[in-house]
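Structural description and commentary
Residue strings, one per chain:
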Amino acid sequence: MKVVKKVNSVSGSKHSVEERVIKFLEESEEDFLALWLENVILDDDDIFKDRVRKNGFQMYQLAKKSLLQTISDEELIELAHKVAKERVLSKSNIGEFVFNMNIGRSTLIKYVNKSGVSIQDLQPIIDRINDHFDRYCFLAVTRYTELKDIEINEKMLFVNQSHNDRLSLLGQMSSSFVHEFRNPLTSVMGFMKLLKNEYPNLKYMDTIEHELDQLKFRITQFLHASRLESAEKNQEEIHVESLFDDIISFLYPSIVDGDVNVSTKIEPNCKIIAVRDEIKQVLVNIILNSIDALKQKNSRERNLWICCVKTDHTISFTITNNGPKIPEEIRETIFEPFYTTKSFGTGIGLFVCKSIIEKHRGTIYCESDQHQTSFVIRLPENA
Ligand SMILES: Nc1ncnc2c1ncn2[C@@H]1O[C@H](COP(=O)(O)OP(=O)(O)OP(=O)(O)O)[C@@H](O)[C@H]1O
Ligand SMILES: [Mg+2]
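Residues numbered from 1 in each chain as written. Chains lettered and ligands numbered in written order. Predicted model: local features only at pLDDT ≥ 70, side-chain atom pairs only at ≥ 80, totals over all residues.

1. Observations regarding the overall build of the chain
Using the following cut-off: In this text, helices come from DSSP runs of H or I with a minimum length of four residues, and strands from runs of E with a minimum of two, each type numbered from the N-terminal end. Only the C-alpha atoms count toward the radius of gyration. The rule for a globule is 2.2 Å times the residue count to the power 0.38. The burial criterion counts other C-beta atoms lying within 10 Å of a residue's C-beta, which is placed from the backbone; the residue is buried at 20 or more, exposed at 12 or fewer, and partly exposed between these limits. We call two residues in contact whenever the C-beta atoms placed from their backbones are within 7 Å.
Per the secondary structure count, the chain includes ten helices and seven strands. By the compact-globule yardstick of 21 Å for 383 residues, the chain is too spread out, its C-alpha radius of gyration being 37 Å. Within the chain, the fraction of its 383 residues that count as buried is 23%. At a minimum sequence separation of 6, the contacts of the chain that also span at least 24 residues come to 75%.

Now the structure itself:
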């Protein structure tokens, strides 16, 4: 990289003025450097603080040399890059470096002014010094920024990598646990059915069965999220009205507990070919989320509207609640895995919904304002 700004080079015959200035500077070198060091900012914790004097002295030597000849970018880059690296390693603020360098520049100019050379002869010398410091500052700060960017990118890479590692470890652990739970659960549920047939009047059977259904729902959810449940399942014709009857009786205890009024408006001809358990999983998740959101409402009127219509060959479900607004900036994020605002939430509900709907070639999105929140699902009739 070349710094474009150029100052006329000094011809050999005009050296006498510059030589006079250099001679004066060399005579007052000790004073000049002491004054500069007195005014610089130096952090006690700076691991390279001992090098600041040496670097400053080197810069001063180059500035003197620049009065007699043009200093190449390469020569300047060597010092600028070395200083930039030290500033990065010492974790210091680049503002301090720029400040110290400018103190060096103004102290040098102060001494040049005292050299006894006429103002007319001094101006081109001051221009050369300023140009020299400007180039040096540009090269050092540019390099410092590059090194800082590299450092930030490396850290980001590390953070992302370890986050991904932890997520996948968590996923593997939970899915293997969950898998182990499912087999005993299936057999307990089978024995429950047998018991119910043998002793139809046995107390608490419905409650136990309902709780086991909830457990099965959670386990299936985890398996969907971990994508272990990838085997193709059988599609069947689903009558949407009867599907909602089933869902509402499954969720009845939660609906009563949340004190929610549910209204449904389902067109009678709504049918869909899809995997029943999976579509049920999606709708249960969205209704459970709606009930949770409505519970945050203090006023009595907690409403949930379920609507299903058919247009051309598309079935559209709209599930609306009059709970709090979902802010615009998180309306996409809520579909990401592990995003939750609930103390006991897992944040995989909507992620599973989206995966299932997309697997059925459909779409799902959320609309929300201060009055109501709707989740809209569109599925092809023959998914
Ligand atoms: N109807 C809704 N109204 C307001 N916020 C909602 C609604 N549905 C979802 N959310 C927000 O989206 C987040 C993610 O929902 P998601 O179903 O994925 O996870 P969760 O309900 O927190 O946990 P779980 O895995 O147990 O379902 C919720 O924590 C909540 O903040
Ligand atoms: Mg949820």
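2. Section: the nonpolar core
Put simply, the test is: Note on terminology: a nonpolar core is a set of buried residues of type Ala, Val, Leu, Ile, Met, Phe, Trp, Tyr or Cys, with members joined through C-beta atoms within 7 Å.
Formed by 37 residues in total, the largest nonpolar core has its most connected members in Val240, Val282, Ile286, Ile287, Cys353, Ile357 and Ile377. Breaking this core down by element, the ones donating at least two residues are α7 (205–225), α8 (240–258), β3 (271–274), α9 (276–295), β4 (303–311), β5 (314–321), α10 (349–359) and β7 (373–380). In terms of residue count, α9 provides more of this core than any other element does, nine residues in total. Those residues in contact with Ile357, other than ones at most four positions away along the chain, are Val282, Gly362, Thr363, Ile364, Ile377 and Leu379.

3. Section: the sheet that holds β7
We apply this condition: Paired strands, as defined in this entry, are two strands with at least two bridges between them according to DSSP. An axis is simply a line fitted to the C-alpha atoms; with a helix, the fit covers only the stretch in contact. Between two such axes, the angle follows the N-to-C directions and lies from 0 to 180 degrees.
Spatially, β2-β4-β5-β7-β6 is the arrangement adopted by the five strands of the open sheet, whose pairing is mixed. Each edge of the sheet is formed by a strand with only one pairing partner; in this case those strands are β2 (261–266) and β6 (363–368). Put simply, the sheet's adjacent strands are angled 15° from each other on average, direction ignored. Sheet topology note: the β6/β7 ladder contains six bridges and is antiparallel. Within β7, the position partnered with Thr363 by the bridge is Arg378. Lying on the sheet, α9 is in contact with β4, β5 and β7; it crosses β5 at an angle near 20°.

4. Digging into the environment of Ile109
With respect to the element layout, Ile109 can be found in helix α5 (residues 94–113). Classification of Ile109 as partly exposed rests on a count of 16 C-beta atoms within 10 Å. Between the alpha carbons of Ile109 and Ile126 there is a distance of 6.7 Å; along the sequence they are 17 residues apart.

5. Notes on the site of ligand 1
The following threshold applies: Any residue whose C-beta atom, as set from the backbone, lies within 6 Å of a molecule or strand is reported as near that molecule or strand. Note on residue categories: nonpolar means Ala, Val, Leu, Ile, Met, Phe, Trp, Tyr, Cys or Pro, charged means Asp, Glu, Lys or Arg, and polar means any other residue, Gly included.
The full set close to ligand 1 counts 21 residues, and Asn289, Ala293, Thr340, Gly345 and Gly349 are the nearest of them. For the shell around ligand 1, the secondary-structure elements that each account for two or more residues are α9 and α10. By residue number, the principal contributor to the shell around ligand 1 is α9, which donates four residues. A class-by-class count of the residues in the shell around ligand 1 yields eight nonpolar, twelve polar and one charged.

6. Comments concerning the domain arrangement of the chain
Accessible area lost upon the coming together of the parts serves often as the stated size of an interface. Where we set the bar: In this entry, domain limits derive from an automatic or database-based domain assignment.
Assigned domains within the chain: domain 1 (12–156), domain 2 (169–225) and domain 3 (236–380). Here the C-alpha centre of domain 3 lies 23 Å away from the C-alpha centre of domain 2. Taken together, the contacts link seven residues of domain 2 with ten residues of domain 3. Taken together, the residues of the side of domain 2 that touches domain 3 break down into two nonpolar, four polar and one charged.

7. Brief notes about the confidence of the model for the chain
How we decide: On a scale of 0 to 100, pLDDT captures the predictor's confidence in every residue.
Put simply, the chain has an average pLDDT of 88, and 94% of its residues get 70 or more. Every residue in residues 1–13 scores below 50 in pLDDT, and together they form 18 contacts with partners more than four places removed in sequence or on other chains.

8. Comments concerning the packing of helix α3 (residues 49–66) against helix α4 (residues 73–89)
For clarity, the threshold we go by: An angle below 35 degrees is read as roughly parallel, one above 145 as roughly antiparallel, one from 65 to 115 as roughly perpendicular, and any other as oblique. With the far helix as reference, a near helix turned anticlockwise by less than a right angle produces a left-handed crossing, and one turned clockwise produces a right-handed crossing.
Across the interface, α3 lies against α4 with an axial gap of 11 Å and an inter-helix angle of 160°. The orientation of α3 relative to α4 falls into the category roughly antiparallel. As for the relative orientation of α3 and α4, their crossing is left-handed in sense. Taken together, the residues of α4 that come into contact with α3 (itself represented by Arg51, Asn55, Gln58, Met59 and Leu62) are Glu75, Leu76, Leu79, Val83 and Glu86. Among the residues forming the contact of α3 with α4, the class breakdown is five nonpolar, two polar and three charged.

9. Focus on the environment of Glu358
Within the secondary structure, Glu358 sits in helix α10. Considered as a pair, Glu358 and Ala383 are 25 residues apart in the sequence and their alpha carbons are 10.0 Å apart.

10. Considerations on the packing of α7 against α10
Two numbers describe how α7 lies on α10: the axes approach to 9 Å, and their chain directions differ by 65°. Crossing hand, α7 versus α10: left-handed. From α7, Gln221, His224 and Ala225 reach across to α10, where they touch Phe351, Val352, Ser355 and Ile356. The residue inventory of the contact of α7 with α10, partitioned by class, reads four nonpolar, three polar and no charged.

11. A few points about unusual backbone geometry
Unlike most non-glycine residues, Asp259 shows phi in positive territory, near 55°. As for its placement among the helices and strands, Asp259 is situated in the loop between α8 and β2.

12. Let's talk about the environment of Asp149
On the secondary structure map, Asp149 appears in helix α6 (residues 119–198). A sequence separation of 172 residues divides Asp149 from Asn321, and the C-alpha atoms of the two residues are 46 Å apart.

13. Remarks on α3
Stated formally: Expected span, for any helix, means 1.5 Å times one less than how many residues it has. An arc is given here, and it is the one of the directions from the helix axis to the C-beta atoms.
Over its 18 residues, α3 extends 26 Å from the first C-alpha to the last, a length consistent with the 26 Å expected when each residue adds 1.5 Å. Regarding α3, the residues found buried are Val52, Asn55, Gly56, Met59, Ala63 and Ser66. Each buried residue of α3 sits inside an arc of 105° when the element is viewed along its axis, so together they form one side. Turned more than 90 degrees off the buried face of α3, the exposed positions are Asp50, Lys54 and Gln61.

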